[in-house]
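Close look at the chain arrangement
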Amino acid sequence: PAAKLWGGRFSEATDAFVERFTASVMFDQRMALEDIQGSLAHAQMLSEVGVLTADEFQQIAGGLKDIAEEIESGDFPWSVELEDVHMNIEARLTDRIGATGKKLHTGRSRNDQVATDIRLWLRNRIDQIAAELTRLQTGLVNLAEQEADTIMPGFTHLQSAQPVTFGHHLLAWNEMLTRDFERLMDCRKRVNRSPLGAAALAGTSYPINRARTAELLGFDAPTENSLDSVSDRDFAIEFCAFSALLLTHLSRASEELVLWTSSQFDFIDLPDRFCTGSSIMPQKKNPDVPELVRGKTGRVNGHLIALLTLMKSQPLAYNKDNQEDKEPLFDAADTALDCLRAFADMAPALKPKKQNMLAAAGKGFSTATDLADYLVRKGVAFRDAHEIVGQSVAFAIDKDCDLADLSLAELQKFSDVIGDDVFDVLTLEGSVAARDHIGGTAPNQVRAACERARALIATR
Ligand code: ARG
């Protein structure tokens with residue numbers, strides 16, 4: 001069995017179950033390259049301040065680079081007996097380069113080491129997620145521009161409310177994602193600080209240069225307090241909160257895609273490559289991708305609660321509890337990235353069925369508000385106009401027809417201010433074009449909003 005790096009004060013071997021129970025190497029080996037990156041910066045700094053000689057640093061750096069290759073090619077002999085990624089790599093270094101390897105851990109602890117590794121790993125993931133978010137948003141804005149004139153029903157309570165354009169609806173999704181992007185960038189600022197040098201909890205007695213390791217690792221600055229640096233995982237919680245909101249937004253969009261691809265709505269076609277079939281019902285084409293994104297929201301919400309709960313009662317400074325931070329964080333990041341990728345691939349491929357959308361927009365008296373606004377322009381108070389239109393709608397329901405199908409004489413029974421110009425406001429095109437202000441659904445407003453959205457994306 002591999003000798004424990006901390007074995008000096010122990011007089012019996014670790015219980016075999018305890019060894020497995022306390023190990024994290026099965027999951028924290030995902031941070032192996034970040035661990036090496038951190039060690040390289042630490043060793044370089046130690047040589048610059050004279051704690052290691054230049055030759056020792058060269059040996060350590062050479063050994064770590066060979067180990068990185070070993071890991072990438074899958075040849076690294078991971079050992080549960082060595083507990084975690086940090087001790088596996090450190091022990092391997094000494095195996096490969098001899099006694100100099102034992103100097104790497106000078107002025108450092110696994111506590112600041114692991115905090116550094118997680119931040120490096122997460123920063124990487126954040127940048128990948130940001131790129132996928134941008135790809136998705138670019139696809140949505142392009143499609144929105146194409147569909148700026150495509151009329152569809154707008155809903156409240158999932159009941160027909162007022163006509164909108166498909167472009168406008170897509171831009172609503174885009175707005176949610178813009179805020180998600182801002183949240184992600186804000187989180188990144190707090191992720192991107194270097195805890196290296198906090199050592200176990202109190203700092204170290206060596207003449208270390210924390211600004212230098214921060215700089216070498218691309219962090220904005222060292223963290224401020226050593227106790228806080230090794231203990232808090234609020235940056236990971238923040239990332240999970242970002243992920244939970246992102247998935248909430250993707251889940252809402254997914255739910256709409258599921259509804260719209262049903263034969264009852266039949267608003268869009270989702271290409272076959274994003275769907276799967278049924279093993280029994282030959283006719284089926286199921287929107288699995290959006291359904292699965294909707295479902296994965298649950299696990300990400302769970303990870304957020306897991307990390308909040310993990311942190312809530314921990315006294316300063318590091319506690320082993322924090323080893324439990326990795327699996328939820330990794331899975332939240334993987335899930336966010338996968339779901340974004342699925343959506344970014346899918347969005348430009350959505351094919352609206354314009355005739356169905358238009359026909360649906362005409363149902364449910366969706367221009368009733370326009371009729372009320374028309375009466376207001378003729379001098380009727382809005383509340384009275386509401387009542388008049390309500391009676392007209394009830395009359396049309398009885399006749400089983402739409403408002404626009406009523407004759408002028410029938411409409412005039414409810415208000416004598418109605419003239420034959422009323423039929424212009426009862427059209428769907430007239431209704432959407434009338435909502436002509438910032439944030440409104442008028443096609444020219446949708447096109448202008450696409451321009452602004454594109455300009456904002458270009459600043460990233
Ligand atoms: N595997 C540990 C973790 O994930 C690394 C830090 C261990 N530190 C310690 N003092 N046991 O948190």
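Residues numbered from 1 in each chain as written. Predicted model: local features only at pLDDT ≥ 70, side-chain atom pairs only at ≥ 80, totals over all residues. Heavy atoms only, no water.

**Re the packing of helix α6 (residues 110-146) against helix α12 (residues 326-346)**
Remark: α6 packs on α12, axes separated minimally by 9 Å, with the N-to-C direction vectors making an angle of 15°. In this view, α6 runs roughly parallel relative to α12, as classed from their interaxial angle. Once α6 is placed against α12, the crossing between them reads as left-handed. Here α6 contributes Val114, Ile118, Trp121, Leu122, Arg125, Gln128, Ile129, Glu132, Leu133, Arg135 and Leu136 to the contact with α12, which in turn contributes Lys326, Leu329, Phe330, Ala333, Asp334, Ala336, Leu337, Leu340, Arg341, Phe343, Ala344 and Asp345. Classifying every residue of the contact of α6 with α12 by side-chain character gives 15 nonpolar, one polar and seven charged. (Axes fitted to C-alpha atoms, helices over the stretch in contact; angles between N-to-C directions. Helix = DSSP H or I, 4+ residues; strand = E, 2+ residues; numbered from the N terminus. Parallel < 35°, antiparallel > 145°, perpendicular 65-115°, else oblique. Left-handed = near helix turned anticlockwise from the far one by under 90°. Contact = heavy atoms within 4.5 Å. Nonpolar A, V, L, I, M, F, W, Y, C, P; charged D, E, K, R; others polar.)

**As for the domain arrangement of the protein**
Examined at the domain level, the protein breaks down into domain 1 (12-106), domain 2 (111-201 + 225-359) and domain 3 (364-452). Distance between the C-alpha centres of domain 2 and domain 3: 38 Å. Taken together, the 16 residues of domain 2 in the interface contact 18 residues of domain 3. Each partner contributes to the roughly 1400 Å² buried at the junction of domain 2 and domain 3, and carbon and sulfur atoms together form 63% of this total. When the area that domain 2 buries against domain 3 is broken down by residue, the three leading residues are Gln162, Pro163 and His168, summing to 35%. A salt bridge links Arg447 to Asp149; the nearest nitrogen and oxygen atoms lie 3.0 Å apart. Broken down by secondary-structure element, the contributors of at least two residues to the side of domain 2 that touches domain 3 are α6, β2 (159-165) and α7 (166-191). For the side of domain 2 that touches domain 3, the leading source of residues is β2, giving six residues. Considering only residue class, the side of domain 2 that touches domain 3 consists of nine nonpolar, five polar and two charged. (Domains from an automatic or database assignment. Buried area = accessible area lost by both parts, 1.4 Å probe. Salt bridge = Lys/Arg side-chain N within 4 Å of Asp/Glu carboxyl O.)

**A closer look at unusual backbone geometry**
Between Leu316 and Ala317 the backbone carries a cis peptide bond, its omega angle lying at 0°. Topologically, Ala317 is positioned in the loop between α11 (288-311) and α12. A positive phi angle, near 55°, is found at Asp266, a position not held by glycine. One can find Asp266 in the loop between α10 (234-261) and β5 (268-269).

**With respect to the site of the ligand**
Around the ligand lies a shell formed by Ser24, Asp28, Asp84, His86, Arg110, Asn111, Val114, Tyr318, Gln323 and Lys326. Within the side chain of Tyr318, one N or O atom sits 2.5 Å away from an oxygen atom of the ligand. One of the side-chain N or O atoms of Gln323 is found 2.8 Å from a nitrogen atom in the ligand. For the ligand, the accessible surface in isolation is 340 Å², of which the surrounding protein chains cover 86%. (Near = heavy atom within 4 Å. Polar contact = N/O pair within 3.5 Å; in protein donor to acceptor, adjacent residues only side chain to side chain. Areas by Shrake-Rupley, 256 points an atom, 1.4 Å probe, with all protein chains shown as cover.)

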